[in-house]
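Residues per chain are reported as follows:
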Amino acid sequence: MNYFPDEVLEHVFDFITSHKDRNSVSLVCKSWYKIEKFSRQKVFIGNCYSISPERLIARFPGLKSLTLKGKPHFADFNLVPDDWGGFLYPWIKAMAKSRIGLEELRLKRMVVSDESLELLSKSFPNFRSLVLVSCEGFSTDGLAAIAANCKLLRELDLQENEVEDHRGHWLSCFPETSTSLVSLNFACLKGEINLASLERLVARSPNLKSLRLNRAVPFDMLQKLLMRAPQLVDLGTGSYVHDPSSEAYNKLKAAIQSCNSIRSLSGFLEVAPRCMSAIYPICKNLTFLNLSYAAGLQSNELTNLIQHCRKLQRLWILDCIGDKGLGVVASTCKELQELRVFPSDPFDAGNAAVTEEGLVLVSAGCPKLNSLLYFCQQMTNAALITVAKNCFGAIVRSCKGLKRLSLSGLLTDQVFYYIGMYAKQLEMLSIAFAGDSDKGMLYVLNGCKKLRKLEIRDCPFGDAALLEDMGKYETMRSLWMSSCEVTLGACKTLAKKMPNLNVEIINESEQVEFNLDDRLKVDKMYLYRTVVGHRKDAPEFVWLL
Amino acid sequence: MAFEKDFNLDATELRLGLPGTSEESEKQASTTLRISNKRAMPDMNEDSSVAADKKCDQETAPPTKAQVVGWPPIRSYRKNSLQTKKTEAETCGMYVKVSMDGAPYLRKIDLKMYKGYPELLKALEDMFKFKVGKYSEREGYNGSEFVPTYEDKDGDLMLVGDVPWEMFTNSCKRLRIMKGSEARGLGCVV
């Protein structure tokens, strides 16, 4: 290895792209560490509190692409109070100060202020890609800054964020000279859009491959945009409500004919029945179809559409498709790898439309299925027991490659025994309302060697399970336990013995007094490994032990 | 597969969730577990609390729409957008103004109260004491001086009855009962 000049090694390392592999490379020897350090461009940080911005910059001065995740996963389900943390600003500030040549930023569950977006837009002249997933704290003013100042912007992708809409003309802030857009997704924005600006922007972006519109973009605009961008590969429609006998509808049908490249279709945020036949011509090439927000479509319209989609690999749909509809999916979509069936009515069990039958049909008809999300509101007790006892065991036994699993309800420790025994590749596990005793949790902690994230709510796991193997948590990214049987005393013990872990208690009750009884059961505990100790930005209701 | 691997670990994912309803026993269990786990005060009777939880399962009848925080496990964004649609559609009602040519003041009706055109027209007839003619797609309303029209989202004046009911209720901004000579040309085909 001493025979190679650094440039050669660097060139070799260029071919190593996975984070894990690059991490391994840096451990080989000092010279490899140094070369890898300066040549590393992409960094993934799964927990923004595991390291500080300053240390990141010192470690990887050549950083160009950063992925950051903030709040714990259960924040998606309202289990984490607002203001818990996960602020972007300190990261932007530090990178701007150190003249990092940032080009790409991908964020998930972070609090992003307009201030940070503005600083971002002004500090990095080569910035080209911003992807925000499940973030909050910003408004369309921040987007305006990005549009106006990032001259080389290629990608602006906003997925399921809570954005305050100031009804400004952020779209108009893209300069007339900007022609570099490849991907634009603003489907989650709730407010009005300057349609003329949108059309002009699309018209001057010849490289635009992905366009996802919001609800404010009306049907007749869609046709105009498709005429401007027949090269689109990924389309998300806005409002899809119109009279099927109208002129606009005929124009859309004509426009769609020339869109031969569309492989991915989503949107339909507002949809009228009897309008879907316009898109049949592109269905035969679709690999991804997301109709999970199209509450206006009935089962027969859905199945009529799906019958044209023989090449589908990923399907996201609402449960109003019904078991019969899933039968059609099973017989049509032989290439299906991923299926997500969402509840159309999350709070009212009245119109339950899919049962275990639909699931069985799909699993029988689609041999390539490897990813599944399935909400069924009605399951007989008998089927429940079958699924809980037999299927979980069977599935876990046969899916040795399983990386991520979520379970809930009426499951005994036996299920966790199977998981610990067979799911050796498991990296993320979510458990809710399950298990009988500490044994359940221990089976998992002992058996799943590759476990990175474990999140548990409303299960009878307590101190014995928590404290049995404290070193295990240093091999994981994080552990979340809420409404379990864990006491304050055990958390304190853990925090004291493991200085490389941050143990946070989230306490939402009125009580401010810290010196409570150690026997008190903790409502929410979140612990994670870190190299930088306690964070400085924790709010009052978060106790750092 | 160029799909957000970093974010979702979706290379191989299996999720089987069993959300409860008020009918299923595990939902009852989960509802009461949550309620009894609220620990505002230190609970001195630690060993009895577990037993108490189990007892609760059988005794307490949960309210029909007992909602456990964070259940079902759907992202807030998705829940909110489904709920918004429901709220918009169901709770608020769809009140539109109704004017009749020659009448001194306007009325307001809730379009949500009617299942279709026949009921709506009957209600209008009762309210304003008139009769609409017979509707046909070709000729509009025949046999009456009065023609029901509406203003749609685009501000255009349209004849009531041409589009499917759902589409009508989604796009109708106000109703106008036109009279006499003005009505000619809109509903009639020469």
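Residues numbered from 1 in each chain as written. Chains lettered and ligands numbered in written order. Predicted model: local features only at pLDDT ≥ 70, side-chain atom pairs only at ≥ 80, totals over all residues. Heavy atoms only, no water.

1. Some details on the overall build of chain A
- Across its full length, chain A carries 19 helices and 24 strands.
- Relative to a compact globule of 545 residues, whose C-alpha radius of gyration would be 24 Å, chain A shows 25 Å and is just as compact.
- Expressed along its principal axes, the backbone C-alpha trace of chain A runs to roughly 70 × 60 × 60 Å.
- In chain A, which comprises 545 residues, the share counted as buried stands at 57%.
- In chain A, of all internal contacts separated by at least 6 residues, the share reaching a separation of at least 24 is 70%.
- Just so you have it, chain A exposes about 22100 Å², and 52% of that area is on carbon and sulfur atoms.
- In chain A, which carries 66 positive and 60 negative side-chain charges, the distance between the mean positions of the two groups comes to 8 Å. (Helix = DSSP H or I, 4+ residues; strand = E, 2+ residues; numbered from the N terminus. Rg over C-alpha atoms; globule rule 2.2 N^0.38 Å. Buried < 20%, exposed > 50% of the residue type's maximum accessible area, 1.4 Å probe, protein only. Contact = heavy atoms within 4.5 Å. Areas by Shrake-Rupley, 256 points an atom, 1.4 Å probe, with all protein chains shown as cover. Lys, Arg positive; Asp, Glu negative; His and termini not counted. Charge placed at Lys NZ, Arg CZ, Asp CG, Glu CD.)

2. With respect to the overall build of chain B
- For chain B, the count of helices and strands is six helices and eight strands.
- The linear arrangement of helices and strands in chain B, starting from the amino end, is α-β-α-α-α-β-β-α-β-β-β-β-α-β.
- Scored against the burial criterion, the 190 residues of chain B give a buried share of 44%.
- In chain B, the proportion of contacts linking residues at least 24 apart, taken out of those at least 6 apart, comes to 50%.

3. A few points about the confidence of the model for chain B
Residues and elements named next belong to chain B.
- Per-chain confidence: chain B averages 64 in pLDDT, with 53% of residues scoring 70 or above.
- Between residues 1-65, whose pLDDT stays under 50, and residues either more than four places distant or in other chains, the model counts 130 contacts.
- In the predicted complex, the global pTM is 0.75; the interface-specific ipTM is 0.76. (pLDDT = per-residue confidence, 0-100.)

4. Re the packing of aromatic side chains
- All told, the structure shown has 25 aromatic pairs over all chains when counted by the stated rule.
- Measuring from centroid to centroid gives 5.7 Å for Trp84 of chain A and Tyr526 of chain A, while their planes differ by 70°, and the two rings are edge-to-face. A residue pair is termed long-range when its members are at least 10 positions apart, and Trp84 of chain A in the loop between strand E2 (65-69) and helix H5 (89-97) and Tyr526 of chain A in strand E23 (residues 524-529) qualify at 442 residues.
- For the pair Tyr117 of chain B and Trp165 of chain B, a centre-to-centre distance of 5.0 Å together with 90° between the ring planes defines the contact as edge-to-face. With Tyr117 of chain B in helix H5 (residues 117-128) and Trp165 of chain B in helix H6 (residues 165-171), this pair connects stretches of sequence that are 48 residues apart. Each member of the pair, Tyr117 of chain B as well as Trp165 of chain B, is classed as buried.
- Put simply, the rings of Tyr49, Phe74, Phe77, Trp84, Trp480, Tyr526 and Tyr528 of chain A pair up and form one aromatic cluster. (Phe/Tyr/Trp six-rings, centres within 6.5 Å; stacked < 30°, edge-to-face > 60°.)

5. Topic: the nonpolar core
- With 148 residues, the main nonpolar core has Leu66 and Tyr240 of chain A together with Phe168 of chain B as its most contacted residues.
- Looking at this core, the element that brings in the most residues is H5 of chain B, giving six residues.
- With near-sequence residues (within four places) excluded, Leu66 of chain A lies in contact with Val43, Ile45, Leu56, Trp91, Met95, Leu102, Glu104, Leu105 and Arg106 of chain A.
- The next biggest cluster of nonpolar side chains, apart from the first, holds 47 residues, and it includes Ala434, Cys448, Met481 and Trp543 of chain A. (Core = buried A, V, L, I, M, F, W, Y, C linked by side-chain atoms within 4.5 Å.)

6. Digging into empty space enclosed by the protein
All names here are of chain A.
- All chains considered together, the criterion is met by five cavities of 30 Å³ or more.
- There is about 120 Å³ of room inside the second largest cavity.
- What lines the second largest cavity is a set of 15 residues, among which Pro72, His73, Lys453, Ser478 and Tyr526 lie closest to the centre.
- Of all the secondary-structure elements, those providing two or more residues to the lining of the second largest cavity are strand E20 (453-457) and strand E21 (478-482).
- Counting residues per element, the lining of the second largest cavity draws most heavily on E20, at three residues. (1 Å grid on protein atoms, 1.4 Å probe; cavity = no way out; pocket = protein on both sides within 12 Å on 5 of 7 lines; lining within 4 Å. Points joined across faces, edges and corners; volume = space filled by probe spheres on them.)

7. Description of the pairing of strand E16 (residues 338-342) of chain A
Residues and elements named next belong to chain A.
- For E16, the buried fraction is high: five of the five residues fall into the buried class.
- In E16, alternate side chains face the same way, and those of Glu338, Arg340 and Phe342 on one face and Leu339 and Val341 on the other are all buried.
- In the classification by handedness, the crossover that spans strand E15 (residues 314-318), the intervening helix H13 (residues 322-332) and the parallel E16 is right-handed.
- When E16 meets strand E17 (residues 371-375), the two strands line up parallel, connected through four bridges. Residue pairing across strands places Glu338 opposite Ser371, the latter belonging to E17. (Right-handed = clockwise from strand over helix to strand, strands pointing away. Pairing = 2+ DSSP bridges.)

8. Quick notes on the sheet that holds strand E6 (residues 146-151) of chain B
Residues and elements named next belong to chain B.
- An order of E3-E2-E8-E6-E7 is seen for the five strands of this open sheet, with the pairing classed as mixed. Every other strand in the sheet has two partners, leaving strand E3 (107-110) and strand E7 (157-159) as the edge strands with one partner each. Across the sheet, the axes of successive neighbouring strands diverge by a mean angle of 35°, strand direction being ignored.
- With four bridges connecting them, strand E2 (residues 95-100) and strand E8 (residues 174-179) associate as parallel partners. Residue pairing across strands places Ser99 opposite Arg176, the latter belonging to E8. (Axes fitted to C-alpha atoms, helices over the stretch in contact; angles between N-to-C directions.)

9. Describing the pattern of salt bridges
- Throughout the structure, instances matching the rule amount to 29 salt bridges over all chains.
- A salt bridge links Arg40 of chain A to Glu36 of chain A; its shortest N-O distance comes to 2.7 Å. Neither residue differs from the other here; Arg40 of chain A and Glu36 of chain A are each classed as buried.
- Note that Glu176 of chain A and Arg204 of chain A form a salt bridge whose closest N and O atoms lie 3.4 Å from each other. Taken as a pair, Glu176 of chain A in the loop between strand E7 (162-164) and strand E8 (183-185) and Arg204 of chain A in the loop between helix H8 (195-203) and strand E9 (210-212) lie far apart in primary sequence, 28 residues in all.
- Taken together, the shared-partner salt bridges in this structure form one network comprising Asp76, Arg109 and Glu160 of chain A together with Arg75 of chain B. (Salt bridge = Lys/Arg side-chain N within 4 Å of Asp/Glu carboxyl O.)

10. Points about the pairing of E2 of chain B
Residues and elements named next belong to chain B.
- Here E2 runs beside E3; their pairing, made up of four bridges, is antiparallel. Bridge assignment links Tyr95 to a residue of E3, and that residue is Asp110.
- Connecting E2 to the antiparallel partner E3 that follows it, the hairpin turn spans six residues, and Gly102 within it adopts a positive phi of roughly 95°.

11. Let's talk about the packing of helix H6 (residues 114-123) of chain A against helix H7 (residues 140-149) of chain A
Residues and elements named next belong to chain A.
- Two numbers describe how H6 lies on H7: the axes approach to 8 Å, and their chain directions differ by 5°. Our classification of the angle between H6 and H7 gives roughly parallel. In contact with Asp114, Leu117, Glu118, Leu120, Ser121 and Lys122 of H6, H7 contributes Asp141, Gly142, Leu143, Ala145, Ile146 and Asn149.
- In terms of residue class, the contact of H6 with H7 is built from five nonpolar, three polar and four charged. (Parallel < 35°, antiparallel > 145°, perpendicular 65-115°, else oblique. Nonpolar A, V, L, I, M, F, W, Y, C, P; charged D, E, K, R; others polar.)

12. Brief notes about the environment of Gly133 of chain B
All names here are of chain B.
- With respect to the helices and strands, Gly133 occurs in the loop between H5 and strand E4 (134-136).
- Its relative accessible area of 16% is what places Gly133 among the buried residues.
- Distance in space between the C-alpha atoms of Gly133 and Val147 is 7.6 Å, their sequence separation being 14 residues.
- Gly133 has contacts with Tyr141, Asn142, Gly143, Ser144 and Phe146, leaving out every residue within four places of it along the chain.

13. Topic: the side chain of Asn161 of chain A
- By the element assignment, Asn161 of chain A lies in the loop between strand E6 (155-159) and E7.
- Among the polar contacts listed, one links the side chain of Asn161 of chain A to the backbone nitrogen of Ser134 of chain A, at a separation of 3.2 Å. (Polar contact = N/O pair within 3.5 Å; in protein donor to acceptor, adjacent residues only side chain to side chain.)

14. As for the side chain of Ser210 of chain A
- Considering the arrangement of structural elements, one finds Ser210 of chain A in strand E9.
- Apart from residues no more than four positions distant in its own chain, Ser210 of chain A is found in contact with Val182, Ser183, Leu184, Leu232 and Asp234 of chain A.

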